[in-house]
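Examination of the molecular architecture
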Amino acid sequence: MDTIIGYLNNMFAALPKTAQMQGLKQDLLANMEEKYYELKQEGKTENEAVGIVISEFGNIDELIAELDIQVENAESPLPPYPPLPLLAPEDTWGYMAAKKKSGFLVGLGVTLCIGGAALLILLNSLAESGFLRGGIVADAASILSVVILLILVALAVGMFIFSGTMLEKYKYLRNGFDLPYELRTEIQHRSSAYASTYTLSLVMGVCLCVLSPVPVIVWSVFNDSDTAYGVVLLLALIALAVFLFIYYGSIKESFKFLLGEGEFSKEKKEENRVMGSVAAIIWPVAVCIFLISGFVYDRWDMNWVVFPVTGILLGVSNSVYNAGKAK
């Protein structure tokens, strides 16, 4: 149904924003919506129903001439809101390619940070276990591990910055845009085809996170003094899982952003705006309560409970907002 609404908005974008044209648009939307749900009840697929409704819509100029609607000097003009720009195909595919590369760089950067920590633990464990013999060699291993960690973190930060610059040229999309019908349909097809890949990556990432403690447990059973090697494997599995989440999640996010779905829908954007305003008030109050209870009343033993309670209150506020909005 969103595709039909977008198509109708595009057709009326170049017409005068008058009360008469607005009424015609609403009538057409109601008729197209009724036809759409009739076709869905008949067993038509989403794409079939949308295609039939749009094909029966006809040419907007012919419809205006048939209804004898005057588009000039109309009474009760509405405020002239400028239509959202139509997104060109090259901008669409360019954004998706940039988002994919950005997700890869961010995922790789996070992986390097986690891998650097794992390498630090590994080299220190090898030095402590006597595998690297000699005091000088052991000290050199410790220094080398820190140097390598800093180098990897520096590379990761560079990747984060570069990934942000890749998306900078598409920042104007946040102001809103419309997609041509053919382009929206193509993106929907690609999104549907990508769903299985995203689900597989999500399952693999979750499985890696669940299995990550296994090396630590197994290593502690056979050699309780060298559990650090199990921790290294744990971090390696988590690093791989995080990369899967970030890389494939960024591709999924690009589809949702272009189609205006999920957290990028108008309703969700409004919800995030409201809840962001609430959080901007609640969290500073929670921090003040935490500091006052600690420094003034010396209740450091239990004042940490302020933060989970604040999180619960935000969740309750979100539920109340959604319930009120539904009513």
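I will try to describe carefully the structure that is included in this document. Because the structure is a prediction, the values reported are computed rather than measured.

Quick look at the overall build of the chain
- Within the chain, the regular secondary structure consists of 11 helices and 0 strands.
- In the chain, the succession of helices and strands from N to C terminus is α-α-α-α-α-α-α-α-α-α-α.
- When the 327 residues of the chain are sorted by exposure, 31% land in the buried category.
- Within the chain, residue pairs in contact and separated by at least 24 positions form 77% of the contacts whose partners lie at least 6 positions apart.
- Of the roughly 19700 Å² that the chain leaves accessible, carbon and sulfur atoms contribute 66%.

Points about the pattern of salt bridges
- Counted according to the given criterion, the structure contains 3 salt bridges.
- The partner of K99 in a salt bridge is E253, and the shortest N-O contact between them spans 2.7 Å. Note that K99 is positioned in helix 5 (residues 89-128) and E253 in helix 9 (residues 227-259), a separation of 154 residues in sequence.
- Assessed through its relative accessible area of 12%, K99 is described here as buried.
- Here K171 makes a salt bridge to E168, at a shortest N to O gap of 2.9 Å.

Some words on the nonpolar core
- Formed by 18 residues in total, the largest nonpolar core has its most connected members in Y95, L173, F177, L179, I187 and L258.
- Taken together, the elements giving at least two residues each to this core come down to helix 5, helix 7 (181-211) and helix 9.
- The element contributing the most residues to this core is helix 9, with 7 residues.
- Within the second largest apolar cluster, 14 residues are counted, among which are L24, L28, V50 and I54.

A short note on the packing of helix 7 against helix 9
- Viewed as axis vectors pointing N to C, helix 7 and helix 9 meet at an angle of 160°, and their least axial separation amounts to 9 Å. With respect to helix 9, the element helix 7 is oriented roughly antiparallel. Pair helix 7 / helix 9 crosses with left-handed handedness.
- Across the contact of helix 7 with helix 9, the residue classes break down as 19 nonpolar, 6 polar and 3 charged.

Each value, and the rule that gives it
Residues numbered from 1 in each chain as written. Predicted model: local features only at pLDDT ≥ 70, side-chain atom pairs only at ≥ 80, totals over all residues. Heavy atoms only, no water. Helix = DSSP H or I, 4+ residues; strand = E, 2+ residues; numbered from the N terminus. Buried < 20%, exposed > 50% of the residue type's maximum accessible area, 1.4 Å probe, protein only. Contact = heavy atoms within 4.5 Å. Areas by Shrake-Rupley, 256 points an atom, 1.4 Å probe, with all protein chains shown as cover. Salt bridge = Lys/Arg side-chain N within 4 Å of Asp/Glu carboxyl O. Core = buried A, V, L, I, M, F, W, Y, C linked by side-chain atoms within 4.5 Å. Axes fitted to C-alpha atoms, helices over the stretch in contact; angles between N-to-C directions. Parallel < 35°, antiparallel > 145°, perpendicular 65-115°, else oblique. Left-handed = near helix turned anticlockwise from the far one by under 90°. Nonpolar A, V, L, I, M, F, W, Y, C, P; charged D, E, K, R; others polar.

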